[in-house]
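Fold and geometry: a report
As a plain string of letters, each chain reads:
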Protein chains: 4
Amino acid sequence: MNFDIIRTSRAVLHVTDLDKSREFYDALGFIETESDEENIFYRAIEDHNHHCLWLKKKAEPAVEVICYKVRSENDLDELSALFEKQGRVFKWMEKGTQKAIGRTLRTQDLSGMPVEYYAEMDKAERMLQKFHLHKGAKVQRIDHFNCMVQDVEKAYNYYIDELGFSCSEYTAGEEDKIWAAWLHRKPSVHDVAYMNGEGPRLHHIGFWLKDPMTLIDCCDVLASMGLGSSIERGPGRHGLSNAFFLYLRDPDGHRIELYNGDYLTSDTDFEPIRWELDDPMRQTFWGHVAPDCWFEEASEVLDIQTGEKLKISEPTLKKRRPNTII
Amino acid sequence: MNFDIIRTSRAVLHVTDLDKSREFYDALGFIETESDEENIFYRAIEDHNHHCLWLKKKAEPAVEVICYKVRSENDLDELSALFEKQGRVFKWMEKGTQKAIGRTLRTQDLSGMPVEYYAEMDKAERMLQKFHLHKGAKVQRIDHFNCMVQDVEKAYNYYIDELGFSCSEYTAGEEDKIWAAWLHRKPSVHDVAYMNGEGPRLHHIGFWLKDPMTLIDCCDVLASMGLGSSIERGPGRHGLSNAFFLYLRDPDGHRIELYNGDYLTSDTDFEPIRWELDDPMRQTFWGHVAPDCWFEEASEVLDIQTGEKLKISEPTLKKRRPNTII
Amino acid sequence: MNFDIIRTSRAVLHVTDLDKSREFYDALGFIETESDEENIFYRAIEDHNHHCLWLKKKAEPAVEVICYKVRSENDLDELSALFEKQGRVFKWMEKGTQKAIGRTLRTQDLSGMPVEYYAEMDKAERMLQKFHLHKGAKVQRIDHFNCMVQDVEKAYNYYIDELGFSCSEYTAGEEDKIWAAWLHRKPSVHDVAYMNGEGPRLHHIGFWLKDPMTLIDCCDVLASMGLGSSIERGPGRHGLSNAFFLYLRDPDGHRIELYNGDYLTSDTDFEPIRWELDDPMRQTFWGHVAPDCWFEEASEVLDIQTGEKLKISEPTLKKRRPNTII
Amino acid sequence: MNFDIIRTSRAVLHVTDLDKSREFYDALGFIETESDEENIFYRAIEDHNHHCLWLKKKAEPAVEVICYKVRSENDLDELSALFEKQGRVFKWMEKGTQKAIGRTLRTQDLSGMPVEYYAEMDKAERMLQKFHLHKGAKVQRIDHFNCMVQDVEKAYNYYIDELGFSCSEYTAGEEDKIWAAWLHRKPSVHDVAYMNGEGPRLHHIGFWLKDPMTLIDCCDVLASMGLGSSIERGPGRHGLSNAFFLYLRDPDGHRIELYNGDYLTSDTDFEPIRWELDDPMRQTFWGHVAPDCWFEEASEVLDIQTGEKLKISEPTLKKRRPNTII
């Protein structure tokens, strides 16, 4: 491969009420870089670039695009050549089209997810050591996307064989088929996970926290602000990934994971860890059962050409969630 | 009052399998002071006395007695005089009858709970600064009992008017009746709570932890030992008491609360905090709903004279648990 | 004794620049109840009363008075009768003389410390569960005073025999004399400590924190605000008291201790813990040496009658600090 | 470059007393994979390979070699070709020569540091989720080496230009010369730092911890075991790197850093952060001054051919440490 996808780097979400969204994301400690009546651009405390989260005011909630940063402008050309060869839908958005970001390459990936690649974004002041300005969950950086798709195994093969991702952990389902897979470019557990379900939809965006206590503090802060109902699942420990986690729903239902505690996956001799779908410690190491909504609900995604919501289809594997053994 | 009840200080539990119990309580970081084939005596890391938890091997699980420490031997005589005047059932157990403890006064309190008072217990090495020997939840001290009883208001009045307890917080139920009350002698939120339900039963014993992260560590440790199913509820923040909590069930179903983060209640002008039963932040500040078993299951208690299990009766207030508004 | 001193409850400090003081104390998370051009009244997040810290703008820094809360107005009369009998200097300040507080009894204690007793203070909103408003060290409550005095043993005897304090831990110095003592009314390690040194001076005021991580967060916050030079000693673990501590100096040099992690001292059979002055683990369990300024510098205190600074005298025991063995 | 250095992966240290070393490293939570009378092989809780620390019993303490893992066997050949071309001293150690590890390439780097590259090591059970077996600092993985060398700028250029490292942060000294530099292959702050001083010597080995509280726990554990004197500096926050740190000295004086809290450095547009040598927040963000020994003492390193200790020489830049402004 002549390109280098560096990492998960931003998401563009459609939200219906910027004030409500601002109250929620401010509470998590996101830093507002810039905003107007239609947009808020947020960065996390470690970010040296303009934003990792762009909220656009729209009539309906949706995921416009999920984005990866690549090494250089040339990598974008290499990627477009690949997509052309593969017959994938893609389009260029020239520098200046979107705020604070260089030329981007948008594509509908083979699972239908709207994905964007870019190399350049404006700089912004890094707030990592402005401790007196940190709030709530003190969100440190964007970590990963979790996508609910019809055919995980197809996505798995494509991202590994064609895009150079590696697998850290996976879940085996019916007939040893891959039910879910955690794939990375940066040497963490994942930049993106694919999970079997009605799709294509974005299940959640994961953000990295500096330490586990901050996650507890965040629960307290959200609750005291009257936002306790945004807490959907957790706090808990994932068996798969080992992360200490909390799942939140933003005012439009977009799911946010706060995440801390995975491990380094840089070694070429690291062997992907296999979990059985029904292993109760897989989803929550402590044995807690995830609520039904966690398996059923996710954010709809847009067609990169029409801007319309993509049709959702039944998954390949029938099983939508683990058996809960009580 | 001519007596001074200092604090909640020990519990005597019947368990059916000492090996299983030992695995569980060792994992929580209790220090075994002494044991034989029929008994284990545990202390917590702050204790300077012989034990705060005595497990007796018996055919059936039960709570033999919950105990308070008083200022002096004379206080026991004053208490027995009070019980005599009130016509309460009580009995003396002379020094030497029970391991490591002086003379005790046992009574069946007006709710039917088996309660014991004593002034003297053998000393033991304090392990507070033996940090290299701390394990699991590093349980620091016994904090409180929670009793499920038929008539909370009657218990409330008796403990405050006759025994000198104070109320820190309470829950108002039907027709403004007290549905649950948190009562203390030491200036914390409670030494004992009374909660409306089928009783008399012991709902749980609360133990104090040194810090909130230790509670998270405890979940990880229990799960990695294969004891994840002992986690019943939490971790979470109580609205009432402000404590960061975790509820566990020991191998016989006795419920243990790990607890950190309440506040000082020493001021005479501190006004008890009232919560409405259906306030969703009362039980879990973050909005999490407690499982049904938490409201329904509790440990049976013994008759101090016959040693038989006490008959359980319907509570005065009909409502057994808050309405869950989803 | 016919009076009941409940706990350490407030301090009145003279400071020279309210803006500078406000920047510092706000950073620690104190809640400003009220202020004007000459005064700031601060409470901590657990407080249900108007203030625990009163800063008065004056030409020179000084400690006007340290205060204890008593059970009732009648206790004040009992205390004044005792002081009269003992020939101690005292004066009444009637309700209305000082902001938000009832009648107070001020005395110069036998070590020369200006001490005040009161039973009544105005109520204020308790912020314990307003987590989104907590900042910096999230100071939870006032915990104790540490006084540097000429004759610790005299103070020790007086507070125990005449005022009903108990000793939790002490330091033995020359010829087995008490070099320092930790005395309490509430069942914690202390409400007040007396330490051998040039006095009478106030060495520090200790405030209780909710957990140890908050103390680390506070260091980060102070440093990022440019207030790093206020950190004098720590973070560390005290051998004596077991507390996780941090010592700060406010803009006028008043020393503030942030403190978490001591233990319950309610038992009548708890035996005071003796430490040797030169035991290196006494002051810092991890072996860190306290800086010279920590032993030498302290806040001057006022004469309750003249309002002038009290003359400082040499201590009874020659040794001003432990031998540092390197 | 046709090779890919993945990360800092192991150190081989000479120690004089295996029992003393074992007490210390066990206390930090290292997992002993294997040992005999002359050797201990330790791994950290995240490791899936045999060891990251090899202690060899020898007459004198020394650093035999510091090691990097590379992508494949072929990378070793590419590296040897580079060293040959550059005229660097190197030697092969065939598989079987050293316990549990494949073929290695040893070299004396241009600063004189003994450095080894390898692609293959035996597998070992990963203990990341065996929480009940974690102890002390629960050391999670090896993170970096810090080398004290004569000419930092020369090392800086070589590692970046010839070996493909990137710089995250650096310290500017006299005449804008680089006084110290933090260089990485994995996208963290560093795999190796070079610092101006008498060299070549190994200043310390950094190990990653799961969270900040574990570092505090480690201080308590070491102290209660009587190993408090091993704590040399900290806990504190580094301005440079943002890490929460603790420096320890093992029984032979080898310096170990416990480390948590840096950030991701994967972006190609991340600009190295410059610090001035005398900026007091550079070394400790909170303003604490490092002790003299931290700047003066370091472990001697061996000649890869003779096995003798390398001669130490004066550094290029005269200034050995920052000015301490008090």
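Residues numbered from 1 in each chain as written. Chains lettered and ligands numbered in written order. Predicted model: local features only at pLDDT ≥ 70, side-chain atom pairs only at ≥ 80, totals over all residues. Heavy atoms only, no water.

1. As for the interface of chain B and chain D
Residue-level contacts link 13 residues of chain B with 13 residues of chain D. Together, the buried faces of chain B and chain D total about 980 Å²; carbon and sulfur atoms form 60% of this surface. It is F131, H132 and S224 of chain B that lose the most area in chain B upon contact with chain D, and together they represent 45% of the buried surface on that side. At the boundary of chain B with chain D, the tally comes to four salt bridges. (Contact = heavy atoms within 4.5 Å. Buried area = accessible area lost by both parts, 1.4 Å probe. Salt bridge = Lys/Arg side-chain N within 4 Å of Asp/Glu carboxyl O.)

2. Observations concerning helix α2 (residues 73-86) of chain D
All names here are of chain D. Across its 14 residues, α2 extends 20 Å between first and last C-alpha, which sits within 8% of the 20 Å expected from 1.5 Å per residue. In this fold, the buried residues of α2 make contact with β5 (62-70), β6 (90-93), β7 (104-108), β8 (114-118) and α3 (152-161). Positive backbone phi, approximately 70 degrees, marks G87, located one or two places after α2. (Helix = DSSP H or I, 4+ residues; strand = E, 2+ residues; numbered from the N terminus. Expected span 1.5 Å × (residues − 1).)

3. Some remarks on the packing of aromatic side chains
Inspection of every chain in the model, using the stated rule, returns 84 aromatic pairs over all chains. Aromatic side chains F285 of chain B and F131 of chain C sit 5.5 Å apart centroid to centroid with 65 degrees between the ring planes, which places their arrangement in the edge-to-face category. Here the residue F285 of chain B occupies a position in the loop between α5 (280-283) and α6 (292-296), and F131 of chain C occupies one in the loop between β8 (114-118) and β9 (141-149), the pair thus bridging two chains. Like F285 of chain B, the residue F131 of chain C is buried in the burial classification. Three or more aromatic residues link up through ring pairs in this structure, and these residues are Y68, F83, F90, Y117, F145, Y158, Y159, F165 and Y194 of chain A. For the cation-ring pair, K56 of chain A lies above W54 of chain A, with the distance from its terminal atom to the ring centre recorded as 4.4 Å. (Phe/Tyr/Trp six-rings, centres within 6.5 Å; stacked < 30°, edge-to-face > 60°. Buried < 20%, exposed > 50% of the residue type's maximum accessible area, 1.4 Å probe, protein only. Lys NZ or Arg CZ within 6 Å of the ring centre and 35° of its normal.)

4. Observations concerning the domain arrangement of chain A
Residue and element names in this part refer to chain A. Looking at chain A, the domain boundaries give domain 1 (5-118) and domain 2 (137-300). Between the C-alpha centres of domain 1 and domain 2 there is a distance of 20 Å. With both sides pooled, the region where domain 1 packs onto domain 2 buries about 3600 Å², and carbon together with sulfur makes up 67% of that total. Here domain 1 is connected to domain 2 by one salt bridge. Run the count over domain 1 and domain 2 and you get 16 residue pairs in polar contact (both at pLDDT 80 or more). Residue assignment for the side of domain 1 that touches domain 2 shows that the elements contributing at least two residues are β1 (5-15), α1 (18-27), β5 (62-70), α2 (73-86) and β8 (114-118). (Domains from an automatic or database assignment. Polar contact = N/O pair within 3.5 Å; in protein donor to acceptor, adjacent residues only side chain to side chain.)

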